[in-house]
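Coordinate analysis (summary)
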Amino acid sequence: MGPTALITGITGQDGSYLAELLLSRGYRVIGLLRRTSTTSIERIGHIQDRLTLVSGDLTDEVSLINLLREFRPAEVYNLAAQSFVQVSWSQPVLTGETTALGVTRLLDAIRIVDPEIRFYQASSSEMFGRVRQVPQDETTPFYPRSPYGVAKVYGHWITVNYRESYGLFATSGILFNHESPRRGLEFVTRKVTHGAARIAAGLQRELRLGNLEARRDWGYAGDYVEAMVAMLARDEPTDYVIATGQTHSVRELCEVAFGTLGLNWEDHVVVDPALLRPAEVDLLVGDASRAARELSWRAQVDFYGLIEMMVAADRAALVG
Ligand code: NAP
Ligand code: GDD
């Protein structure tokens, strides 16, 4: 049996890809599952019998301490968060409790139980917000534009602080947007690929979206989890930007997704002012050259390959 890793957020998009990767490398994988009245293991159902799923919550420090004591992981990947930016305006306190203070609870549990544990924090390009520099790298100052972005800045700095205060092997991956066929339906890439596939199948006629001009650096989640593992395998803990280096607008996303299905997006997309955000992040594009140099990490799937993959999966799920 290889090393033991704990993943918080194992039921999410990234958690499912990371669990697959760690299993393929011989790890024993423990997944933190929060209690819900219906099951949320859709993304990990295919590997469930190879995982140890344990009950806990980032808002409950005792549950974290107890499970670290019981399973003694060598590595902890903190992927759990309230991760949807739009909802962070309607639930700012819950977002802060989970996405910000949840990181401190987990770091403190590590400090108390076993300070040798290697820790990965899921930081975000959303921290760059109203960008101070183009492209953004590890030295770019943060200017968050949402309660979620503010919470992630806290999570990032508390990770750096516990590294510097207590000598923990605590790292922060500043990941730009990454997507997949397992992406939640509320995020714009999946909303568009799923919506376009349903329109092509005659199941709906229109797709309502918000800001079409926002630009993002979109990569493939399967590539990005490789960087997380590589970060914890380094001799020294440090922080990395993980990105493709290419940026595209939501408008281009629509063109490509609908175009793949032989449809004209302008016949179907309706801009709905209710979907505009109180403060927007207009442009994200990352410079991942430190990761290329030190982790030998590069994105393998580009924007066009990613959108084609997602459209194909959504289409296949509808037509069987
Ligand atoms: P996701 O699909 O929304 O998954 C979030 C996970 O967090 C789910 O497993 C969810 O559990 C869990 N969770 C939420 N609140 C929790 C709590 N109080 N206690 C324990 N678990 C809780 O997110 P993702 O796209 O995989 O992203 C993974 C992480 O990377 C997140 O921290 C996100 O903020 C960050 N990130 C994502 C991106 C991206 O583009 N995907 C980019 C940068 C950073 P349930 O299934 O029970 O809801
Ligand atoms: N969700 C959504 N829905 N976004 C829309 C829509 C819509 O109908 N219409 C336009 N957009 C625009 C948003 O305004 C935003 O500018 C962009 O599409 C991307 O939105 P999301 O896909 O919701 O992602 P995000 O960039 O806000 O946040 C994601 O990436 C972050 C990394 O930068 C999430 O995964 C975060 O958890 C992650 O940290």
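Here the structure is a predicted model, which is why all the values come from computation and not from measurement.

Some thoughts on the overall build of the protein
- When helices and strands are tallied, the protein shows 10 helices and 13 strands.
- The C-alpha atoms of the protein give a radius of gyration of 19 Å, which matches the 20 Å a tight globule of 320 residues would have.
- Across its three principal directions, the C-alpha atoms of the protein cover 60 × 45 × 40 Å.
- The buried share of the protein, reckoned over its 320 residues, is 53%.

Comments concerning the domain arrangement of the protein
- If you check the domain split of the protein, you get domain 1 (4-178 + 220-242) and domain 2 (184-216 + 247-284 + 302-319).
- Once you take the C-alpha centre of each, domain 1 and domain 2 turn out to be 27 Å apart.
- Taken together, the contact pairs 17 residues of domain 1 with 15 residues of domain 2.
- At the boundary of domain 1 with domain 2, total buried surface from both sides reaches about 1400 Å², with 62% on carbon and sulfur atoms.
- At the junction of domain 1 with domain 2, the criterion picks out zero salt bridges.
- Linking domain 1 with domain 2 are two residue pairs in polar contact (both at pLDDT 80 or more), by the criterion used here.

Overview of the side chain of R216
- Here R216 lies in strand β9 (residues 215-216).
- A relative accessible area of 8% places R216 in the buried class.
- Apart from residues no more than four positions distant in its own chain, R216 is found in contact with E126, N177, Q246, T247, H248, E280, V281, D282 and L284.

A few points about the pairing of strand β5 (residues 118-124)
- Along β5, six of the seven residues are buried, which leaves the element largely enclosed by surrounding structure.
- A crossover connection joins β5 to the parallel strand β6 (residues 169-175) through helix α5 (residues 147-166); in handedness this β-α-β unit is right-handed.

Some words on the site of ligand 1
- Surrounding ligand 1, one finds 24 residues, the nearest of these being T11, R34, D57, S83 and Y148.
- Within the contact set of ligand 1, an oxygen atom lies 3.2 Å away from a backbone nitrogen or oxygen of A81.
- When isolated, ligand 1 has an accessible area of 900 Å², and the protein chains bury 89% of it.
- Contributions of two or more residues to the shell around ligand 1 are made by α1 (13-24), β5 and α5.
- When residues in the shell around ligand 1 are grouped by element, the largest group, three residues, is from β5.
- Here the shell around ligand 1 is composed, by residue class, of eight nonpolar, 11 polar and five charged.

A word on the site of ligand 2
- Among the 24 residues in the neighbourhood of ligand 2, the closest are listed as S124, S125, Y148, R277 and E280.
- Here an oxygen atom of ligand 2 sits 2.5 Å away from a polar atom, N or O, in the side chain of Y148.
- One of the side-chain nitrogen or oxygen atoms of E280 is found 2.6 Å away from an oxygen atom of ligand 2.
- Contact with the protein chains removes 95% of the 720 Å² of surface that ligand 2 exposes when unbound.
- Looking at the shell around ligand 2, the elements with two or more residues in it are α6 (188-200) and β8 (207-209).

Let's talk about unusual backbone geometry
- Of note, the bond from V134 into P135 is cis; its omega dihedral lies within 30 degrees of zero at -5 degrees.
- The backbone phi angle of S296 is positive, close to 55 degrees, even though this residue is not glycine.
- Position of S296 relative to the elements: it lies in the loop between α9 (289-295) and α10 (303-319).

The rules behind the values
- Along each chain, residue indices are assigned from 1 in the same order as the chain's sequence is written.
- The lettering of chains begins at A and the numbering of ligands begins at 1, in the order of writing.
- Residue-level local features of this predicted model are given only where pLDDT is at least 70; pairs of side-chain atoms are given and counted only at 80 or more, and the full residue set underlies all totals for whole chains, interfaces and linings.
- In computing side-chain properties, one takes all heavy atoms of the structure into account and sets aside hydrogens as well as water.
- We count a stretch as a helix when DSSP gives it H or I for four or more residues in a row; a strand needs E for two or more, and each element gets its number in order from the N terminus.
- C-alpha atoms define the radius of gyration, and 2.2 Å times the number of residues to the power 0.38 defines the globule rule.
- Throughout, exposure labels follow a simple rule: accessible area from a 1.4 Å probe, protein chains only, divided by the maximum for the residue type, with under 20% read as buried, over 50% as exposed, and the rest as partly exposed.
- For every domain, the bounds stem from an assignment made automatically or drawn from a database.
- Residues are treated as being in contact if the distance between any of their heavy atoms lies within 4.5 Å.
- A 1.4 Å probe defines the accessible area here, and the buried area is the portion of it lost by two parts on being joined, summed over both.
- Within this document, salt bridges are pairs made up of a side-chain nitrogen of Lys or Arg and a carboxyl oxygen of Asp or Glu, the two lying within 4 Å of each other.
- Whenever a nitrogen or oxygen atom comes within 3.5 Å of another N or O atom, the pair is scored as a polar contact, on the condition that within protein one atom can donate a hydrogen and the other can accept it, and that pairs from neighbouring residues in sequence are kept only if both atoms are in side chains.
- With strands facing away from the observer, any crossover in which the path from the first strand over the helix to the second runs clockwise is taken as right-handed.
- The nearness test applies per residue and asks whether one of its heavy atoms lies within 4 Å of the molecule or strand.
- Shrake-Rupley sampling with a 1.4 Å probe provides the accessible areas, and residues are treated as covered by the protein chains on show and by no other component.
- Only Asp, Glu, Lys and Arg are considered charged, only Ala, Val, Leu, Ile, Met, Phe, Trp, Tyr, Cys and Pro nonpolar, and every remaining residue, Gly among them, polar.

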